2 protein chains.
Amino acid sequence: MDETEVVRRLTKLGEEIVEEIRLEESPRIRMPQRGIGNIIFNEKKNILELGNKKSTRSFMNVAHSRKFMQTILIANKCKEFVGRDKTASIRELYYQLKHTIPGTKENTFDDQSESDPLIVDLETALGVLREELHLKADDKGTLIGRIRIEDSGDVIDCSKLGRSGLSVPSIVEHYKFMDFEADYVLVIETGAMFDRLVEERFHLKNDCIMVSTKGQAARGCRRLVHRLRNELNLPVIMFTDGDPWGYYIYSVMKAGSMALAHESRRLGTPSMNLVGMTMTDIDTYGLDKVTETLKEVDRKRIKELLQYPWFRKKQWKKELELMAKKGVRIEQQALASKSLEFVAEEYLPEKIEKKVMLP
Amino acid sequence: MDETEVVRRLTKLGEEIVEEIRLEESPRIRMPQRGIGNIIFNEKKNILELGNKKSTRSFMNVAHSRKFMQTILIANKCKEFVGRDKTASIRELYYQLKHTIPGTKENTFDDQSESDPLIVDLETALGVLREELHLKADDKGTLIGRIRIEDSGDVIDCSKLGRSGLSVPSIVEHYKFMDFEADYVLVIETGAMFDRLVEERFHLKNDCIMVSTKGQAARGCRRLVHRLRNELNLPVIMFTDGDPWGYYIYSVMKAGSMALAHESRRLGTPSMNLVGMTMTDIDTYGLDKVTETLKEVDRKRIKELLQYPWFRKKQWKKELELMAKKGVRIEQQALASKSLEFVAEEYLPEKIEKKVMLP
């Protein structure tokens, strides 16, 4: 969405409120409900979405008026950010808006926990991403591979960054993909495995763009992978630890999260597949000596995952039930027990070529 | 240290053991003690160091023999890594070495908690860094600024990386600094503040190289800053939150940590200064509305810091006692309450120019 459209939506919100005041009606903001009762798994698109239930925040309702005031302050500040071409962290936004209302002892905001959920409200009410409102979350993640990206006037050749790679910022809306030479995107959970594959020059030998999420992916990283998928039409393959935590990281990258269901369609990559680690790998590659015993907290998490609609697919159910039955989990780095090069020279190329992947 | 020397030291360790066996003596490894009783704060150099007390690990001592065997396995594997020009994460090392000893039910290693401390033993026994043994820790951190770095054959112009910056890897030994145009290095605790300064083009307007640690600094980041200081003779200035946690991150960057005292001299940057946030800033810049109340855990941490030799300096003692007295802490991002640009256009340039910094 271009910035003119974002400003238009913010302005429209303000104009509607002014109009309501002029008509001596109670000003109100309408937005989709975000509770569990309005979160739907769209089987066709393979993502979590918000349903059609709406709620209304009304200034003249005493229970709503503080939040109403705060929402308007945030909308106003975001309009300023976009207009001035500035971005701000959600913490900076809070500090920018926090003040005592003149003539009272009332603070606009007492804590960031008041402003954060209202940002989500504004995103859903306007149908824009927080990045489009010029708000930033934390950044995390690294990219390497044969792609040239234009970033703020610089053209960065991401295959000429040694073993270091490009630090993925929190906002990637301004990235322009220039040209690339790659057959797919490989998303890697751990920094250590990413380093291994960089050292083995996997991205160059196998024509792929590699992205490391370093644990649960930051929003910038999710959005970047989404854009690589959709704008360059590249298949995306993910490689995580073989445990419920790694699989959850995958599922958020793929289908979105409950908390941010309204953003799945612009942060999720529903077509992606998981190459490993799987429970089946343990037998196929004789890795039972290098598994780890499940803890109670792992078992509990497996049960929770089995409740998620996208883990109810036959292949996933099989893997998760096998994990519980074997009572073990397995890490990406356990492949080093074969040899340091095994993951890059045998495991990944074989599984990817034969498409031995989970949906 | 060049790789020939690392291999020489590893080989010498092995040869001494072989010689002891030939003489029918109990093979042993000598190394500095790492307990608190042998950690010294070197007032002159301003870093934590190990003292002269030694301990001996002997194969014929039943309490030592398992660890002795494990230490030798690690030394052997590291020699292989260096010889083959491969690096491995400490987790991969563990997986590479874990196996059942033939004819027994004994595993070489049962858990990574067995191999990790032995890596430190080997580092101290040989006087080499783990990075020189080709072992990697996790990576974290971003660099941006007018410096060209050669990394594995690529020359990276770190001023042409848009708003993204270079991802700092876990090992930076292979970095070659080509040329640079900078007056100092600015190390920034939070990713969000780093982003702010990048957006304000602070590094270009103020001729500095900026590095973000994103919380407690990873080893690669500490080593990189150390090298920028020592090889390019650049002053280093750090910018953290004004709380005991930020100050501790500073102190580790500067003087090293208790746990890794043997490495301070190659990871620490004792000459660095802290520009903020300080308790004095709160009054100077009228920030009392945007402080946060100290929690019990913060107060406890302040007391602990006051025990550290390098926080006993007059200026530091004053700041820490003022923090306890005011009962508040302050974040870097609280400066956004003035304006988004305030930190880049007024706060930092003024304090740096006038050298209003802590030792």
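What counts as what
Residues numbered from 1 in each chain as written. Chains lettered and ligands numbered in written order. Predicted model: local features only at pLDDT ≥ 70, side-chain atom pairs only at ≥ 80, totals over all residues. Heavy atoms only, no water. Helix = DSSP H or I, 4+ residues; strand = E, 2+ residues; numbered from the N terminus. Buried < 20%, exposed > 50% of the residue type's maximum accessible area, 1.4 Å probe, protein only. Contact = heavy atoms within 4.5 Å. Areas by Shrake-Rupley, 256 points an atom, 1.4 Å probe, with all protein chains shown as cover. Axes fitted to C-alpha atoms, helices over the stretch in contact; angles between N-to-C directions. Left-handed = near helix turned anticlockwise from the far one by under 90°. Nonpolar A, V, L, I, M, F, W, Y, C, P; charged D, E, K, R; others polar. Least-squares fit on C-alpha atoms with pLDDT ≥ 70 in both. Phe/Tyr/Trp six-rings, centres within 6.5 Å; stacked < 30°, edge-to-face > 60°. Lys NZ or Arg CZ within 6 Å of the ring centre and 35° of its normal. Salt bridge = Lys/Arg side-chain N within 4 Å of Asp/Glu carboxyl O. Polar contact = N/O pair within 3.5 Å; in protein donor to acceptor, adjacent residues only side chain to side chain. Expected span 1.5 Å × (residues − 1). pLDDT = per-residue confidence, 0-100. Domains from an automatic or database assignment. Buried area = accessible area lost by both parts, 1.4 Å probe. Pairing = 2+ DSSP bridges. Core = buried A, V, L, I, M, F, W, Y, C linked by side-chain atoms within 4.5 Å.

Thoughts on the overall build of chain A
Each helix and strand in chain A was counted, giving 13 helices and 17 strands. Principal-axis analysis of the C-alpha atoms gives chain A an extent of 75 × 45 × 40 Å. Counting over 359 residues, chain A shows a buried share of 59%. Taking the intrachain contacts of chain A between residues at least 6 apart in sequence as the baseline, contacts between residues at least 24 apart amount to 72%. Element-wise, carbon and sulfur atoms account for 50% of the exposed surface of chain A, whose accessible area totals about 15,100 Å².

Notes on unusual backbone geometry
For the peptide bond that leads from G276 of chain A to M277 of chain A, omega is -5°, which places it in the cis range. The topology assignment puts M277 of chain A in the loop between β15 (273–276) and α10 (279–284). Notably, K355 of chain A is not glycine yet its phi reads approximately 55°, a positive angle. Summarising the element assignment, K355 of chain A is placed in the segment after α13 (342–353). Of note in this structure, N46 of chain B is not a glycine but carries a positive phi near 70°. Within the secondary structure, N46 of chain B is located in the loop between β2 (39–42) and β3 (47–50). The buried category is assigned to N46 of chain B, whose relative accessible area is 16%.

Focus on the packing of helix α1 (residues 3–22) of chain B against helix α2 (residues 62–84) of chain B
Residue and element names in this part refer to chain B. For the pair α1 and α2, the least separation of the axes is 10 Å and the interaxial angle reads 145°. Relative to α2, the crossing made by α1 is left-handed. Mapping the contact onto sequence places E3, V6, V7, L10, T11, L13 and I17 in α1 and F68, I72, A75, C78, K79 and V82 in α2. Split by residue class, the contact of α1 with α2 holds ten nonpolar, one polar and two charged.

Considerations on the relation of the copies chain B and chain A
Of the two same-sequence chains, chain B is brought onto chain A (RMSD 0.0 Å, axial shift 0.0 Å) by a rotation of 180°. What the superposition gives is, in effect, a two-fold axis relating one chain to the other. Considering only C-alpha atoms, the part of chain B nearest the rotation axis is S167 of chain B, at 2.3 Å. A high fraction, 100%, of the interface residues of chain B reappear at the interface in chain A, so the copies pair face to face through one surface.

Comments concerning the packing of aromatic side chains
Residue and element names in this part refer to chain A. Overall, the coordinates contain 26 aromatic pairs over all chains when judged by the stated rule. Three or more aromatic residues link up through ring pairs in this structure, and these residues are F41, Y247, Y248, Y250, Y308, W310, F311 and W316. One cation-aromatic arrangement involves K338 over F342; the distance from NZ or CZ to the ring centre is 5.7 Å.

Focus on the interface of chain B and chain A
Listed as interface residues are 52 residues of chain B and, on the opposing side, 52 residues of chain A. Salt-bridge contacts for K86 of chain A lead to E341 of chain B; the nearest nitrogen and oxygen are separated by 3.3 Å. Across the chain B-chain A interface, the total number found is 42 residue pairs in polar contact (both at pLDDT 80 or more). Listing elements by their share of the side of chain B that touches chain A, those giving two or more residues are α2, β5 (88–89), α3 (90–97), β9 (154–157), β10 (166–167) and α5 (191–199) of chain B. Counted by class, the side of chain B that touches chain A contains 14 nonpolar, 17 polar and 21 charged residues.

A closer look at helix α7 (residues 219–232) of chain A
All names here are of chain A. Taking 1.5 Å as the rise per residue, α7 with 14 residues should run 20 Å; its terminal C-alpha atoms sit 19 Å apart, in good agreement. Burial analysis of α7 places eleven of its 14 residues in the buried class, the great majority of the element. Residues R219, G220, C221, R222, R223, L224, V225, H226, R227, L228 and L232 constitute the buried set of α7. Once α7 ends, the next one or two residues include N233, with phi positive near 60°.

Some points on the side chain of R196 of chain A
Inspection of the secondary structure puts R196 of chain A in helix α5 (residues 191–199). For R196 of chain A, a relative accessible area of 0% translates into the label buried. Polar side-chain contacts of R196 of chain A include one of 2.4 Å to the backbone oxygen of T87 of chain B.

Focus on the confidence of the model for chain A
Residue-level pLDDT values for chain A average 95, and 100% of them are 70 or greater. The ipTM, which scores confidence in the relative placement of chains, is 0.91 for this predicted complex, and the corresponding pTM is 0.93.

Examining the pattern of salt bridges
Applying the stated criterion to the full structure yields 84 salt bridges over all chains. One salt bridge connects K300 of chain A with E304 of chain A, and the closest N-O pair in it is separated by 3.7 Å. Pair noted here: K300 of chain A and E304 of chain A are both in helix α11 (residues 296–307), with a separation of four residues, about one helical turn. On the basis of relative accessible area, E304 of chain A is assigned to the partly exposed category, the value being 32%. As a salt-bridge pair, K77 of chain B and E80 of chain B come within 3.0 Å of each other at their nearest N and O atoms. Placement of both K77 of chain B and E80 of chain B in helix α2 is noted, with a separation of three residues, approximately one turn of the helix. For K77 of chain B, a relative accessible area of 13% gives the class buried. Each of the salt bridges in this network shares a partner with another, and the network as a whole consists of K77, E80, R84, K86, E92 and K136 of chain A together with R163, R196, E199, E200 and E341 of chain B.

Topic: the domain arrangement of chain A
Residue and element names in this part refer to chain A. Each assigned domain of chain A is listed with its residue range as follows: domain 1 (3–136) and domain 2 (142–353). The C-alpha centroid of domain 2 is placed 33 Å from the C-alpha centroid of domain 1. Opposite the 23 residues of domain 1 that make contact, domain 2 presents 21 residues. When domain 1 packs against domain 2, the two sides together hide about 1,900 Å² of surface, and 66% of this comes from carbon and sulfur. Summed over the shared surface of domain 1 and domain 2, the number is three salt bridges. One salt bridge connects E123 with R219, and the closest N-O pair in it is separated by 3.7 Å. Joining domain 1 to domain 2, the criterion identifies six residue pairs in polar contact (both at pLDDT 80 or more). Sorting the residues of the side of domain 1 that touches domain 2 by element identifies β2 (39–42), β3 (47–50), α4 (112–126) and β6 (135–136) as the ones contributing at least two each. Among the elements that make up the side of domain 1 that touches domain 2, the one with the highest residue count is β3 (four residues).

Things to note about the sheet that holds strand β8 (residues 147–151) of chain B
Sheets are built from strands that pair by backbone hydrogen bonding, the pairs being arranged parallel or antiparallel. All names here are of chain B. Read from one edge to the other, the open sheet built from three strands follows the order β9-β8-β11, with strand pairing classed as antiparallel. Each edge of the sheet is formed by a strand with only one pairing partner; in this case those strands are β9 and β11 (176–180). Across the sheet, the axes of successive neighbouring strands diverge by a mean angle of 20°, strand direction being ignored.

Here's the deal with the nonpolar core
Counting residues in each nonpolar core, the largest one holds 216 residues, and the members touching the most others are L186 of chain A together with L186 of chain B. Ignoring sequence-local partners within four residues, the contact set of L186 of chain A consists of L197, F202, C208, I209, M210, V211, I237, F239 and L348 of chain A.

Focus: the sheet that holds strand β9 (residues 154–157) of chain A
Residue and element names in this part refer to chain A. Across the sheet, which stays open at both edges, the three strands sit in the order β9-β8-β11 with antiparallel pairing between neighbours. At either margin of the open sheet sits one strand with a lone partner, and together these are β9 and β11 (176–180). Each adjacent strand pair in this sheet contributes to an overall mean axis angle of 20°, direction not counted. Bridging between strand β8 (residues 147–151) and β9 involves four bridges; their strand directions are antiparallel. Pairing of I149 across the sheet is with I156, part of β9. Here α7 sits on the sheet in contact with β8 and β11, set at roughly 60° to β11.

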